[in-house]
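Structural description and commentary
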Amino acid sequence: MLNLVRNENMKIYKKVQTWVMIGLLVIIQLLMALVIRDTEFTWIHFAEISSYLTSIITIYAIVLASSIVASEFSNGTIKLLLIRPVNRSKILTSKYIAILLYIAFLMLLNIVSSIIIGFLFFEKSTANSEISFISVLQNYGFTSIELIMTITFSFMISSIFRSNVLAIILSFMIHFFSYIVVDILVLKDYELGKYFLYSNTDLRQYLNGNEPVFEGMSLGFSIGVLVVYFVLFIFISQYVFKKRDVSV
Amino acid sequence: MTQSTVLEVMNVTKKLNNKTIIDQVSFSVNRGEIYGFLGPNGAGKTTTIRMIVGLMSINEGDIIINGTSISKNFEKAMHSIGAIVENPEMYKYLTGYQNLIHYARMIPGISNARIDEVTELVGLKDRIHDKVKRYSLGMRQRLGIAQALLHKPSILILDEPTNGLDPAGIRELRDYLRTLANEGTSTLVSSHLLSEMELMCDRVAIIKEGRIIDVKTLKEYSNDQQNTVVFEVDQPEKALQLIKQHYKDYDIQLSENGFALRLNREEVPSINMILVKEGILVYSIHSTSKSLEDQFLEITN
């Protein structure tokens, strides 16, 4: 299994786009730092602002998760991959782990570089800062939960549709429309909306003083819904991938 | 199943959308044998091969590789197989070497020395650290062979391996498969090109519309038939009458400057002698043996 994950890592890190993404995050942070220099900002303020760059990471995670299986079909490499003495489910699992590792790396990179750039450009003392570093990390934590669900969903799309482009477009559309769907469901006060995945992905709705999007939702309820969706996505991915006749 | 059987395909059936693509196909490949899989495009060659290498599921029947059923123990069965299915598509953004490392990691016990060995074997030593996107089709084929041989499989499965190879490359491949066969590695090779199969294989199975309609060793193909022998003479009419007296049951065809009939090799000198005795001038005698191609077309049509 370790070797399979190493293989997937090699395929991720030998691609130019991977390093473009890494470079992009750092460059955006530098640009932001240059623009908001000479303000009253402390490094924590900067780290807090930088945490919103996770939305870029989310977009990239969708692209990567929806292409990691589909691209093997598009390029025909799936044939030489699946004729090895390794069960298909192991191959799929290794791909999933490799994506999670890479996205975790991007998140970590975003945090670390925002702290370093924060220290270089902004006030080092945190005396007059009203936000704590813990709350910044908390923000990353909540985002990670949304990210994992998004990745798992895109990954499922990737193993269902063999076309790379189709998988990416579909994942994007579903991802972005889902938030609109949540708004519509809330507006119509449609009660079943609380079972909708994207009504539950943002657990910040249970933080002190916040109201959940639907009445009757609790933290336990949302975690339950997320787990059910997660297991379902993984099961469908594995089932489809295992049963598929490779005819590319 | 005997000890010397490496691959056994048993009553394999494949259905797609209620249509039977492969119908009760059975055949077996012996150790050290080069086995040809011949048929027109769309006959089911590639589908059969995809079932053998586990890319497609089997609806009925089973495939046994070195005594292990692929439906019962896929991982063990696949240890004995090395394959290229159609074009050897590799990761183009990786080097040849990185591609080989990738495949080597998927099978326990392949050393770096073995990777170097197969690289040397297929003659890619100088270019192995170049990216695959800079390789020619021929080089990609070689890299394909290299990845198939990494784990020293008992049987190589090559689907249309000569596509995109130049004549020198085809010859090289043929010699190489023969060397492997002498060392005990079997090969199952599919093609729609008969002339190639004739030069490459020990035995050939002919597949048509999802069924195996004939399996023959290539020696049988050339020996079990009489040849048509053409005699070129100065007086065809007279010669024809003469031969008809001696060979009453034969079907003799008259042509502009001679005649032709089907007979065994030993009869040729006797006929020549009759003609010469009667003063008929014989300019040439040649036999036209049916090529595998003619026989193939005869069987499939």
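Every value quoted in this text rests on a predicted model; they were computed, and no experiment measured them.

A word on the interface of chain B and chain A
One widely used convention gives an interface's size as the accessible area the parts lose upon coming together. Chain B puts 31 residues into the contact, and the matching count from chain A is 29 residues. Ranking the residues of chain B by area buried against chain A places Leu55, Arg105 and Met106 of chain B at the top, with a combined share of 27%. Summed over the shared surface of chain B and chain A, the number is three salt bridges. Secondary-structure elements contributing two or more residues to the side of chain B that touches chain A are strand 1 (5-16), helix 2 (74-79), strand 6 (81-84) and helix 3 (96-104) of chain B. Partitioned by chemical class, the residues of the side of chain B that touches chain A number 18 nonpolar, seven polar and six charged.

Looking at the UniProt feature "transmembrane region" (unreviewed entry) in chain A
Residues and elements named next belong to chain A. When the UniProt feature table is mapped onto this chain, "transmembrane region" (unreviewed entry) is found at residues 16-36, 56-75, 96-120, 140-158, 165-187 and 219-241. The distance from the first to the last C-alpha atom of residues 56-75 is 26 Å, and the span holds 85% helix and 0% strand. Counting secondary structure, residues 219-241 comes out at 100% helix and 0% strand; the distance between its end C-alpha atoms is 33 Å.

Quick look at the sheet that holds strand 2 (residues 19-30) of chain B
All names here are of chain B. The four strands are arranged 2-1-4-5 in an open sheet whose pairing can be described as antiparallel. The open sheet has two edge strands, strand 2 and strand 5 (68-69), and neither has a second partner. Here eight bridges tie strand 1 to strand 2, and the two strands are oriented antiparallel to one another. Within strand 2, the residue paired with Glu8 across the bridge is Ser28. Together, strand 1, strand 2 and strand 4 (60-65) form the strand contacts of helix 1 (residues 45-52), whose direction differs from that of strand 2 by roughly 65°.

Topic: the packing of helix 4 (residues 54-67) of chain A against helix 7 (residues 88-121) of chain A
Residue and element names in this part refer to chain A. Closest axis-to-axis distance for the helix 4/helix 7 pair is 11 Å, and the angle between their directions is 165°. The angle between helix 4 and helix 7 places the two elements in the roughly antiparallel class. Note that helix 4 runs across helix 7; the crossing there is right-handed. Facing Thr54, Ile57, Tyr60, Ala61, Leu64 and Ala65 of helix 4, the residues of helix 7 in contact are Ile99, Tyr102, Ile103, Leu106, Met107 and Asn110.

Notes on helix 5 (residues 137-149) of chain B
All names here are of chain B. Over its 13 residues, helix 5 extends 19 Å from the first C-alpha to the last, a length consistent with the 18 Å expected when each residue adds 1.5 Å. Most of helix 5 is tucked away: 10 of the 13 residues are buried. Met139, Arg140, Gln141, Leu143, Gly144, Ile145, Ala146, Gln147, Ala148 and Leu149 are the residues of helix 5 that are buried.

Side note on the environment of Phe119 of chain A
Residue and element names in this part refer to chain A. Of note, Phe119 is situated in helix 7. Residue classification places Phe119 among the partly exposed residues on the basis of a relative accessible area of 33%. Distance from Phe119 to Phe46, taken between C-alpha atoms, is 9.1 Å for residues 73 residues apart in sequence. Leaving out residues up to four positions away in the same chain, Phe119 has contacts with Trp43 and Lys124.

Concerning the pattern of salt bridges
Counted under the stated rule, the structure contains 21 salt bridges over all chains. Between Lys95 of chain A and Glu8 of chain A there is a salt bridge, with the nearest N and O atoms lying 2.8 Å from each other. On the criterion of sequence distance, the pair formed by Lys95 of chain A in helix 7 and Glu8 of chain A in helix 1 (residues 2-13) is long-range, its members being 87 residues apart. The pair formed by Lys95 of chain A and Glu8 of chain A is uniform in burial state, with each residue classed as buried. Close ionic contact of Glu60 of chain B with Lys15 of chain B constitutes a salt bridge, the shortest N to O distance being 3.3 Å. In this pair, Glu60 of chain B is assigned in strand 4 and Lys15 of chain B in strand 1, connecting sequence segments 45 residues apart. Judged by relative accessible area, Lys15 of chain B falls into the partly exposed class, the value being 36%. Shared partners join several salt bridges into a network, and the residues in it are Glu8, Lys11, Glu72 and Lys95 of chain A.

Some points on the packing of aromatic side chains
Residues and elements named next belong to chain A. Applying the stated criterion across every chain, the model contains 24 aromatic pairs over all chains. Both rings, one in Tyr60 and one in Tyr102, keep their centres 6.0 Å apart while their planes meet at 70°; by these two values the pair is edge-to-face. Here Tyr102 lies in helix 7 and Tyr60 lies in helix 4, a separation of 42 residues in the sequence. For Tyr60, a relative accessible area of 9% puts it in the buried group. Both rings, one in Tyr229 and one in Phe233, keep their centres 5.9 Å apart while their planes meet at 50°; by these two values the pair is tilted. Here Tyr229 pairs with Phe233, and both are found in helix 11 (residues 219-243), just four residues apart, close to one helical turn. For Tyr229, a relative accessible area of 22% corresponds to the partly exposed category. One aromatic cluster in this structure is built from Tyr13, Trp19, Tyr60, Tyr102 and Phe105.

Topic: empty space enclosed by the protein
The tally for this structure, following the rule as stated, stands at two cavities of 30 Å³ or more. In this structure, the second largest cavity encloses a volume near 40 Å³. Lining the second largest cavity are Leu4, Asn7, Glu8, Lys11, Leu81, Ile91 and Ser94 of chain A together with His102 and Met106 of chain B. Mapped onto the lining of the second largest cavity, the elements with two or more residues apiece are helix 1 and helix 7 of chain A. Broken down by element, the residue count for the lining of the second largest cavity peaks at four residues, all from helix 1 of chain A. Across the lining of the second largest cavity, the residue classes tally to four nonpolar, three polar and two charged.

Here's the deal with the sheet that holds strand 14 (residues 282-288) of chain B
Two strands in a sheet stick together by hydrogen bonds in their backbones, pointing the same way (parallel) or opposite ways (antiparallel). Residues and elements named next belong to chain B. Spatially, the four strands line up as an open sheet ordered 12-13-11-14, and their pairing is antiparallel. In the strand order of this sheet, the two ends are held by strand 12 (252-255) and strand 14, each with one partner. Between one strand axis and the next, the sheet turns by 20° as a mean value, whatever way the strands run. Judged from the four bridges that link them, strand 12 and strand 13 (residues 258-263) form a sheet pairing that is antiparallel. Along strand 13, the bridge assignment pairs Ser255 with Gly258. Where helix 9 (residues 236-246) meets the sheet, it contacts strand 11 (227-233), strand 12 and strand 13, and its direction lies at approximately 170° from that of strand 12.

Digging into the packing of helix 7 of chain A against helix 11 of chain A
Residues and elements named next belong to chain A. Closest axis-to-axis distance for the helix 7/helix 11 pair is 9 Å, and the angle between their directions is 135°. One finds that helix 7 runs oblique with respect to helix 11. Classified by chirality, the crossing of helix 11 by helix 7 is right-handed. Contacts from Arg88, Ser89, Leu92, Thr93 and Tyr96 in helix 7 reach Phe230, Ile234, Ser237, Gln238, Phe241, Lys242 and Lys243 in helix 11.

So, how was this worked out
Residues numbered from 1 in each chain as written. Chains lettered and ligands numbered in written order. Predicted model: local features only at pLDDT ≥ 70, side-chain atom pairs only at ≥ 80, totals over all residues. Heavy atoms only, no water. Contact = heavy atoms within 4.5 Å. Buried area = accessible area lost by both parts, 1.4 Å probe. Salt bridge = Lys/Arg side-chain N within 4 Å of Asp/Glu carboxyl O. Helix = DSSP H or I, 4+ residues; strand = E, 2+ residues; numbered from the N terminus. Nonpolar A, V, L, I, M, F, W, Y, C, P; charged D, E, K, R; others polar. UniProt positions renumbered as here; feature names shortened; annotations may be inferred. Pairing = 2+ DSSP bridges. Axes fitted to C-alpha atoms, helices over the stretch in contact; angles between N-to-C directions. Parallel < 35°, antiparallel > 145°, perpendicular 65-115°, else oblique. Left-handed = near helix turned anticlockwise from the far one by under 90°. Expected span 1.5 Å × (residues − 1). Buried < 20%, exposed > 50% of the residue type's maximum accessible area, 1.4 Å probe, protein only. Phe/Tyr/Trp six-rings, centres within 6.5 Å; stacked < 30°, edge-to-face > 60°. 1 Å grid on protein atoms, 1.4 Å probe; cavity = no way out; pocket = protein on both sides within 12 Å on 5 of 7 lines; lining within 4 Å. Points joined across faces, edges and corners; volume = space filled by probe spheres on them.

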